[in-house]
Amino acid sequence: MLVSSKHLFSEGLEEILRKVGDVELLGPLEPALETLLAQLPELRPDAVLLVDEGDDGVRLTHLTAAILRQFPALPVISAGLDQNTFRIYSTHTLPARSSDLVDAILNLPPTDPWSAP
C-alpha cells in the first residue's frame, strides 16, 4: 500500500511498482491517520510504503508508530525524498520474561546506532 500526499512523486512510485509482476499496489492513499488505520483491516496489505516529503516527517513518524502499535506484524517502509534511502520498520513480539529481555538485548544486531546517517 502506497501512502503519500505528493501526487507527482506517488505517480512515479506507482508506475515503478505496478511494473513489478509480483506486486499488487494499493493506493496511493493520503496520509490521514484515522482514515488509514480504518482502511488497513479492510485492504489487508502485506506492507505499507510511507513517502516522507520532508515537511511531513513528524506526521509520518506518528503514522508509522500508530500502524506498528495497532498492527505489529505489518511492515512499514519509509521512503524519503530528502535522502537516497529507505527504512523498513517491523516489530518482533517476545515473551515478557526477564531472561528473554536480556537475551534480546544481547542479540541485537552488531551495529553502532550513533554512526548511522
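A. Layout of the environment of Leu74. Counting through the fold element by element, Leu74 comes out in the loop between helix H3 (57-70) and strand E3 (76-80). With relative accessibility at 9%, the residue Leu74 sits in the buried group. Residues Leu74 and Leu40, spaced 34 residues apart in sequence, show a C-alpha to C-alpha distance of 9.7 Å. Apart from residues no more than four positions distant in its own chain, Leu74 is found in contact with Leu40, Pro45, Asp46, Ala47, Val48, Ile67, Leu68 and Tyr89.

B. Spotlight on the nonpolar core. Ranked by size, the top nonpolar core spans 16 residues in total, and within it Val3, Leu36, Leu40, Val48, Leu50, Leu63 and Ile67 carry the most contacts. Going through the elements one at a time, helix H2 (33-43), strand E2 (48-52) and H3 are the ones with two or more residues in this core. In terms of residue count, H3 provides more of this core than any other element does, 5 residues in total. Leu63 has contacts with Val3, Pro31, Leu33, Leu36 and Leu50, leaving out every residue within four places of it along the chain. Leu2, Leu13, Val51 and Ala79 belong to the second-largest nonpolar core, a separate cluster that totals 6 residues.

C. Fine view of the environment of Pro72. Position of Pro72 relative to the elements: it lies in the loop between H3 and E3. Placed 19 residues apart in sequence, Pro72 and Thr91 show a C-alpha to C-alpha distance of 5.8 Å.

D. Spatial organisation of the sheet that holds strand E4 (residues 86-89). With respect to topology, 4 strands assemble into an open sheet ordered E1-E2-E3-E4, the strand pairing being mixed. The open sheet is flanked by strand E1 (2-3) and E4, the only strands paired with a single partner. Strand direction decides the pairing type here: E3 and E4, joined by 4 bridges, are antiparallel. Looking at E4, one finds that Ile77 is bridged to Ile88.

E. Here's a closer look at the confidence of the model for the chain. With 89% of its residues at a pLDDT of 70 or more, the chain shows a mean pLDDT of 83. No element of the chain has a lower mean pLDDT than helix H1 (residues 7-18), which averages 78, and none a higher one than H2, which averages 92.

F. View of the pattern of salt bridges. Under the defined criterion, the tally for this structure stands at 3 salt bridges. Residues Arg18 and Glu14 are paired through a salt bridge, measuring 3.0 Å at the closest nitrogen-oxygen approach. One end of the pair is Arg18 and the other is Glu14, both in helix H1 and 4 residues apart, which spans about a single turn. A salt bridge links Arg97 to Asp100, with the shortest nitrogen-to-oxygen separation between them at 2.9 Å. The buried category is assigned to Asp100, whose relative accessible area is 18%.

G. Looking closely at H2. Listed in full, the buried residues belonging to H2 are Leu36, Leu37 and Leu40. Around the axis of H2, the buried residues are gathered within 100° of arc, so they sit on the same side. Residues of H2 that are exposed and angled more than 90 degrees away from the buried face: Glu34 and Glu42. In the segment just after H2, Arg44 is the residue with positive phi, at about 50°.

Rules of the game
- Residues numbered from 1 in each chain as written.
- Predicted model: local features only at pLDDT ≥ 70, side-chain atom pairs only at ≥ 80, totals over all residues.
- Heavy atoms only, no water.
- Helix = DSSP H or I, 4+ residues; strand = E, 2+ residues; numbered from the N terminus.
- Buried < 20%, exposed > 50% of the residue type's maximum accessible area, 1.4 Å probe, protein only.
- Contact = heavy atoms within 4.5 Å.
- Core = buried A, V, L, I, M, F, W, Y, C linked by side-chain atoms within 4.5 Å.
- Pairing = 2+ DSSP bridges.
- pLDDT = per-residue confidence, 0-100.
- Salt bridge = Lys/Arg side-chain N within 4 Å of Asp/Glu carboxyl O.
- Arc of directions from axis to C-beta.

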